Amino acid sequence: MKQNIVKTRLKNNQPVLGVLANSTDPTVAELCGFSGLDFYMIDGEHSPVTTAQVQEIVRACEVSGITPLARVRGNEPKLILQYLDVGVMGIMMPGVNNVADAEALVQAVKYPPLGHRGFGFVRACDYLQGTMSQGEYVTFSNEQTLVLAQIESKEAVDNLDALLTVEGIDGFIIGPRDLAMSMGYYDGSGHDEVKRTIGGVVEKIKQAGLVAGTLATSGDQAKALIDRGVLFCMNTLSGLLKSAAGDFMKGRE
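Calculation criteria
- Once a new chain begins, its residue numbering starts again from 1 and follows that chain's sequence as written.
- Per-residue local features of the predicted model are confined to residues with pLDDT of at least 70, and side-chain atom pairs are confined, for both listing and counting, to 80 or more; whole-chain, interface and lining totals are unaffected and use all residues.
- Calculation of side-chain values draws on the structure's entire complement of heavy atoms; hydrogens and water are dropped beforehand.
- Think of it this way: any DSSP run of H or I at least four residues long counts as a helix, any run of E at least two long counts as a strand, and we number them from the N terminus.
- Burial classes follow relative accessibility: with a 1.4 Å probe on protein chains only, a residue under 20% of its type's maximum area counts as buried, one over 50% as exposed, and anything between as partly exposed.
- Counted as positive: Lys and Arg. Counted as negative: Asp and Glu. His and the chain ends are not counted at all.
- By convention in these notes, a salt bridge is any Lys or Arg side-chain nitrogen within 4 Å of a carboxyl oxygen on Asp or Glu.
- Under the rule applied, a polar contact is a pair of N or O atoms within 3.5 Å (in protein, one hydrogen donor and one hydrogen acceptor; residues adjacent in sequence only if both atoms are side-chain atoms).
- Residue contacts are defined here by distance: any two heavy atoms, one from each residue, within 4.5 Å place the two residues in contact.
- Between the rings of Phe, Tyr and Trp (Trp by its six-membered ring), a pair exists once the centres lie within 6.5 Å; its type follows the angle of the planes, with under 30 degrees stacked, over 60 edge-to-face, and the other angles tilted.
- When DSSP finds two or more bridges between a pair of strands, those strands are recorded as paired.
- For helices, the fitted axis covers only the stretch in contact; all axes are lines through C-alpha atoms, and the angles between them, taken along N-to-C directions, range from 0 to 180 degrees.

## Focus: the side chain of Lys-110
Step number 1: Along the chain, the position of Lys-110 falls in the loop between helix H5 (99-109) and helix H6 (134-144).
Step number 2: It turns out Lys-110 is buried and unbridged, and the closest side chain with the opposite charge, Asp-170, is 5.0 Å from it.
Step number 3: Among the polar contacts made by the side chain of Lys-110, one reaches the main-chain carbonyl oxygen of Asn-142 at a distance of 2.6 Å.
Step number 4: Excluding anything up to four places from it in sequence, Lys-110 contacts Lys-7, Gly-115, His-116, Arg-117, Asn-142, Thr-145, Val-147 and Gly-168.

## Let's talk about the packing of aromatic side chains
Step number 1: A full pass over the atoms with the stated rule returns 5 aromatic pairs.
Step number 2: A ring pair is formed by Phe-39 and Phe-232, whose centres lie 4.3 Å apart and whose planes are at 20 degrees; its orientation type is stacked. Of this pair, Phe-39 sits in strand E2 (residues 39-43) while Phe-232 is found in strand E8 (residues 232-236), placing the two residues 193 residues apart along the sequence. Exposure class is identical for Phe-39 and Phe-232. Each is buried.

## Notes on the sheet that holds E8
Step number 1: The 8 strands are arranged E1-E2-E3-E4-E5-E6-E7-E8 in a closed barrel whose pairing can be described as parallel. Within the sheet, the average angular offset between the axes of one strand and its neighbour, ignoring direction, is 25 degrees.
Step number 2: Of the pairings in the sheet, the one linking strand E5 (residues 146-151) to strand E6 (residues 171-174) comprises 4 bridges and is parallel in character. Within E6, the position partnered with Ile-151 by the bridge is Ile-174.
Step number 3: Of the strands in this sheet, E6 and strand E7 (211-215) touch helix H10 (residues 192-207), which is tilted by about 170 degrees from E6.

## Focus: the pattern of salt bridges
Step number 1: Using the criterion set out here, one finds 11 salt bridges in the structure.
Step number 2: Of the charged contacts, one joins Arg-71 and Glu-45 as a salt bridge, the two residues approaching to 3.2 Å between their closest N and O atoms. With Arg-71 in strand E3 (residues 67-71) and Glu-45 in the loop between E2 and helix H3 (51-64), this pair connects stretches of sequence that are 26 residues apart.
Step number 3: The exposure class assigned to Arg-71 is buried, which follows from its relative accessible area of 7%.
Step number 4: A residue is classified by how much of its surface remains accessible, and Glu-45, at 29% relative accessible area, is partly exposed.
Step number 5: The network of salt bridges with shared partners includes Asp-43, Glu-45 and Arg-71.

By themselves these figures say nothing about function.
Written out as C-alpha cells, the structure is:
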C-alpha cells in the first residue's frame with residue numbers, strides 16, 4: 001500500500017479536489033489522474049461497477065498518480081473488504097444516519113485492533129511480497145485509509161453531535177440533494193433552509209476538527225467552499241464534462 005496523498009493533505013489542512021465517477025472504464029480514471037485532480041471517487045452506489053472492474057480502475061489511478069477512493073453501495077463489511085483489498089485507499093459511505101452506522105463503517109475499514117477487517121494476500125498489501133511485514137502493513141493501512149461518512153438525511157443532521165464523536169471517522173461529506181429531499185424539498189438544494197442546514201453542519205464538523213466535504217459544480221464554487229473551510233470538494237464526471245463542453249461550444253456562438 002502506498003502513502004495516501006489525499007489523507008496527508010487533509011491532515012495538513014490542505015484542500016483536495018476530485019471527481020465522483022460512475023464510469024466503469026479505467027481510461028477515464030487515467031485521464032482524470034493526468035489532468036491533475038487529487039482523487040477519483042469510484043461510485044459503487046449509482047453505477048453498475050463490479051469489484052473486478054474496480055481493481056482495473058485502481059490500477060489506472062496508480063499509473064496516473066491520482067488517489068483511488070470509492071463510494072460503496074452499502075455498509076456491508078465483505079463488500080467494503082473487496083474494495084479495499086484491490087487497492088482503494090478510502091471509503092465514502094452513503095446514508096450514515098446514526099452512531100451504529102458510523103461505528104460499523106470504521107469496523108469494516110480498519111484492521112484489528114481498530115476494527116474487524118480480515119487479512120488476505122491481496123493487492124493492497126502487495127501480496128506480502130513487498131518490504132513490509134504483515135504487522136507493519138496492518139499499522140500502515142490503518143493510518144493511511146480514509147474513512148468518510150455521508151450526511152444525506154435529516155436524521156443524520158439530528159444525530160450529528162453524536163456522529164462527530166465516533167473514533168476512526170476522518171470526515172463527513174454532505175450530500176445536498178438527498179438531504180434536501182429528506183427535508184421535504186424534492187426540487188433540489190437551493191432553498192434557504194437547506195443552505196442554512198448545510199452551513200450549520202459544516203461549522204460543527206470543523207469545530208470537531210474533522211474534514212468537511214461536499215459537491216462543487218465549478219471551480220468558483222469549490223473556491224468559495226474552501227474559503228469557508230470545506231476541504232474535500234468533488235464534482236461529478238457528468239458535471240465536469242457538461243461544463244467543459246459548454247465552455248468549448250462558446251467558440252461557435
